[in-house]
Amino acid sequence: MSVFCILVAAGEYIYENHYNWFEDAAFRAHYNDGMFNGTEFDSTMLRIAAMNLQLHGIETPKLRGVDALSKSNGDVDEAYTLVLANPPFKGSLDYDDVESSLLKTTKTKKTELLFLSLILRIMRTGGRAAVIVPDGVLFGSSTAHKAIRKELVQNQRLQAVVSMPSGVFKPYAGVSTAILFFTKTNSGGTDHVWFYDMKADGYSLDDKRSPVTANDIPDILKRFHNRKGEAGRKRTEQSFLVPMDEIKANDWDLSINRYKKIVYEEVEYDAPEVILDRIKMLDEERRKMFSDLNSTLL
């Protein structure tokens, strides 16, 4: 259902921030009939999603009742200009069940990697994507993990990796995740990749997910749209740029911890003999207090 929540959120964003667009008849027709597309293999969830979208003013969304990774979804090719996705974090399929073109990008049974391959296939050249992936996609050492990362960095244009704390999907999942922002070019274009280490998203990171004041999202949006201004940022800061050649040299690793530098502050401790003298003093005080208390009671 998360993909349909994303569609609802996208529709609400347009309505709240670009209401004047609805004055154009052509845009209204596109908004109601062609803008919103989703795929779901569970028929019950599909019906709920359709109702939810209609209740939010999206009259006739295009929802397909198929398994997105299966052969039955093989006819969708270069169809979309924008993809927002939160694919399953874990899953495995047999090769025979996977649409064959997806395996050309990365031969794997893992659904989190296959969905990235699918997104590249269904996007038009020039199309943009924001995809939430589990952290393992960023640093996994298998051939398939490296292949999909290489595809994004070398053959497409990877713009940003936003690392999120592990509690953002609680109480449903506690896994650490990240958002990949990329553009399909089929000809490369990645020069620098912008990394951001999100610490808070406006909610507590426990199972309750209560509202809190700490929220990095406004800062992420501001800095993402001014990535050239991030050039002078140090690797010890919350966000910074990493050149493509360095990522290549690190086996296409996209984990922020690979590039972030941590400053360790030196802590000075008293000499052992000073600490021992302090303990002796405290022990003497304890004995005196015990003696005074004993005298009072007797």
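Preceding block: the structure.
In this text, all values refer to a predicted model and were calculated from it rather than measured experimentally.

Participant: Teacher, can you tell me more about the overall build of the chain here?
Facilitator: Within the chain, the regular secondary structure consists of eleven helices and ten strands. The C-alpha atoms of the chain give a radius of gyration of 26 Å, which is well past the 19 Å a tight globule of 298 residues would have. Judged by the C-alpha coordinates and their principal axes, the chain covers about 90 × 45 × 45 Å. Counting the 298 residues in the chain, one finds 38% classified as buried. Within the chain, residue pairs in contact and separated by at least 24 positions form 66% of the contacts whose partners lie at least 6 positions apart. Of the roughly 17700 Å² of accessible surface on the chain, a fraction of 53% belongs to carbon and sulfur atoms. Put simply, the chain has 38 plus and 42 minus side-chain charges, and the middle of one group is 4 Å from the middle of the other.

Participant: So what exactly am I meant to see when it comes to the pattern of salt bridges here?
Facilitator: Where charged atoms from two side chains of opposite charge approach closely, those side chains can pair. For the coordinates displayed, the defined rule picks out 15 salt bridges. Between Asp251 and Lys146 there is a salt bridge, and its shortest N-O distance comes to 2.8 Å. Here the residue Asp251 occupies a position in the loop between α9 (244–249) and α10 (256–259), and Lys146 occupies one in helix α7 (residues 143–155), the gap between them amounting to 105 residues. When the shortest N-O distance is used, the salt bridge between Asp270 and Arg278 registers 2.9 Å. Each of Asp219, Arg223, Glu230, Arg233 and Glu237 takes part in salt bridges that share partners, so that together they form one network.

Participant: Got a minute to help me understand the side chain of Thr108 in this structure?
Facilitator: As for its position among the elements, Thr108 is in the loop between α4 (100–105) and α5 (111–122). Side-chain polar atoms of Thr108 contact the backbone nitrogen of Lys110, separated by 3.0 Å. With residues up to four places along the chain from it excluded, the contact list for Thr108 reads Tyr95, Leu103, Leu113, Leu114 and Ala144.

Participant: When you look at unusual backbone geometry in this model, what are you seeing that I'm missing?
Facilitator: Glycine aside, residues mostly have negative phi angles, and peptide bonds mostly take the trans form. At the junction of Lys170 and Pro171, the peptide bond is cis and its omega measures out at 5° in the coordinates. Not every positive phi belongs to a glycine, and Glu78 is a case in point at roughly 50°. Among the structural elements, Glu78 can be located in the loop between β2 (62–64) and β3 (80–85).

Participant: Any chance you could explain the nonpolar core here in plain terms?
Facilitator: Generally speaking, soluble globular proteins have nonpolar side chains that are buried together. Counting 41 residues, the largest nonpolar core has Leu180, Phe182, Phe195 and Ile247 as its most contacted members. When residues in this core are grouped by element, the largest group, eight residues, is from α5. The next biggest cluster of nonpolar side chains, apart from the first, holds 14 residues, and it includes Phe89, Ala130, Ile179 and Trp194.

Participant: Could you clarify how one ought to interpret the packing of aromatic side chains in this entry?
Facilitator: Tallying each qualifying case throughout the model produces 13 aromatic pairs. Between Tyr15 and Tyr19, the ring centres sit 5.0 Å apart and the planes meet at 85°, which makes this aromatic pair edge-to-face. A centroid spacing of 6.1 Å and a plane angle of 20° characterise the contact between Phe195 and Phe240, whose relative ring orientation is stacked. Taken together, the positions of Phe195 in strand β7 (residues 192–197) and Phe240 in strand β10 (residues 239–243) put the pair 45 residues apart, joining distant regions of the chain. Here Phe195 matches Phe240 in class, with each residue buried.

Participant: Teacher, can you tell me more about a negative patch on the surface here?
Facilitator: On the surface, Asp67, Asp94, Asp96 and Asp97 cluster together into a negatively charged patch. Mapped onto the elements, Asp67 comes out in the loop between β2 and β3.

Participant: I would appreciate a short explanation of the sheet that holds β7 in the present structure.
Facilitator: Within a beta sheet, neighbouring strands are joined by backbone hydrogen bonds and run either parallel or antiparallel to one another. Taken together, the six strands give an open sheet; going across it, the order is β3-β4-β6-β5-β7-β10, and neighbouring strands pair in mixed fashion. Edge strands, defined here as strands with exactly one partner in the open sheet, are β3 and β10. Each strand of the sheet is rotated relative to its neighbour by a mean of 15°, with strand direction disregarded. The pairing of strand β4 (residues 123–134) with strand β6 (residues 177–183) spans seven bridges and is classified as antiparallel.

Participant: Just to check I follow, could you spell out the environment of Ala130 for this structure?
Facilitator: Take Ala130: it is sitting in strand β4. Between the C-alpha atoms of Ala130 and Leu180, which are 50 residues apart in sequence, the distance is 5.6 Å. Excluding its chain neighbours within four sequence positions, the residues that come into contact with Ala130 are Val83, Leu84, Ala85, Ile179, Leu180 and Phe181.

Participant: Would you mind going over the packing of α5 against α7 with me for this structure?
Facilitator: For any two helices packed against each other, the geometry comes down to the angle between their axes and how far apart the axes lie. At their nearest, the axes of α5 and α7 sit 10 Å apart, and the two run at 30° to each other. Regarding the angle of α5 to α7, the classification is roughly parallel. For the element pair α5 and α7, the recorded crossing hand is left-handed. On α7, the residues that touch Leu113, Leu116, Ser117 and Leu120 of α5 are Ala144, His145, Ile148, Glu151 and Leu152. A per-class count over the contact of α5 with α7 returns six nonpolar, two polar and one charged.

The rules we used
Numbers given to residues run from 1 along each chain, matching the order in which its sequence is written. Per-residue local features of the predicted model are confined to residues with pLDDT of at least 70, and side-chain atom pairs are confined, for both listing and counting, to 80 or more; whole-chain, interface and lining totals are unaffected and use all residues. Computation of side-chain values covers all heavy atoms of the structure but excludes hydrogens and water. Numbering of helices and strands runs from the N terminus, with a helix taken as a DSSP run of H or I at least four residues long and a strand as a DSSP run of E at least two residues long. Atoms considered for the radius of gyration are the C-alpha atoms alone. The globule rule reads 2.2 Å times the number of residues to the power 0.38. Under the scheme applied here, a residue whose accessible area is under 20% of the maximum for its type counts as buried, over 50% as exposed, and between as partly exposed, the area being computed with a 1.4 Å probe on protein chains only. Contacts are assigned to residue pairs that have any heavy atoms within 4.5 Å of one another. Accessibility throughout is a Shrake-Rupley quantity obtained with a 1.4 Å probe, and a residue counts as covered only by protein chains that appear here. For the charge count, each Lys or Arg is scored as positive and each Asp or Glu as negative, with His and the chain ends excluded. Every charge is mapped to an atom, namely NZ of Lys, CZ of Arg, CG of Asp or CD of Glu. The rule for a salt bridge is simple: a side-chain nitrogen of Lys or Arg has to be within 4 Å of a carboxyl oxygen of Asp or Glu. Two N or O atoms form a polar contact when they lie within 3.5 Å of each other; inside protein one atom must be a possible hydrogen donor and the other a possible acceptor, and for residues adjacent in sequence the pair counts only when both atoms belong to side chains. We call a set of buried residues a nonpolar core when its members are Ala, Val, Leu, Ile, Met, Phe, Trp, Tyr or Cys and they connect through side-chain atoms within 4.5 Å of each other. In this analysis, rings of Phe, Tyr and Trp, with Trp reduced to its six-membered ring, are considered paired at centre separations within 6.5 Å, and the interplanar angle assigns stacked below 30 degrees, edge-to-face beyond 60, and tilted for intermediate values. Nonpolar side chains (Val, Leu, Ile, Met, Phe, Trp, Tyr) are joined into patches within 5 Å and like charges within 9 Å, using only residues with over 30% relative accessible area and no salt bridge. Strands are treated as partners if at least two bridges between them are detected by DSSP. To obtain each axis, a line is fitted to C-alpha atoms, and for helices this fit is confined to the stretch in contact; angles are then taken between N-to-C directions over 0 to 180 degrees. Working definition: roughly parallel below 35 degrees, roughly antiparallel above 145 degrees, roughly perpendicular at 65 to 115 degrees, and oblique for all remaining angles. Helix crossings are classified by the rotation of the near helix relative to the far one: an anticlockwise turn of less than a right angle makes the crossing left-handed, while a clockwise turn makes it right-handed. All amino acids are sorted into three groups, where Ala, Val, Leu, Ile, Met, Phe, Trp, Tyr, Cys and Pro are nonpolar, Asp, Glu, Lys and Arg are charged, and the leftover types, Gly among them, are polar.

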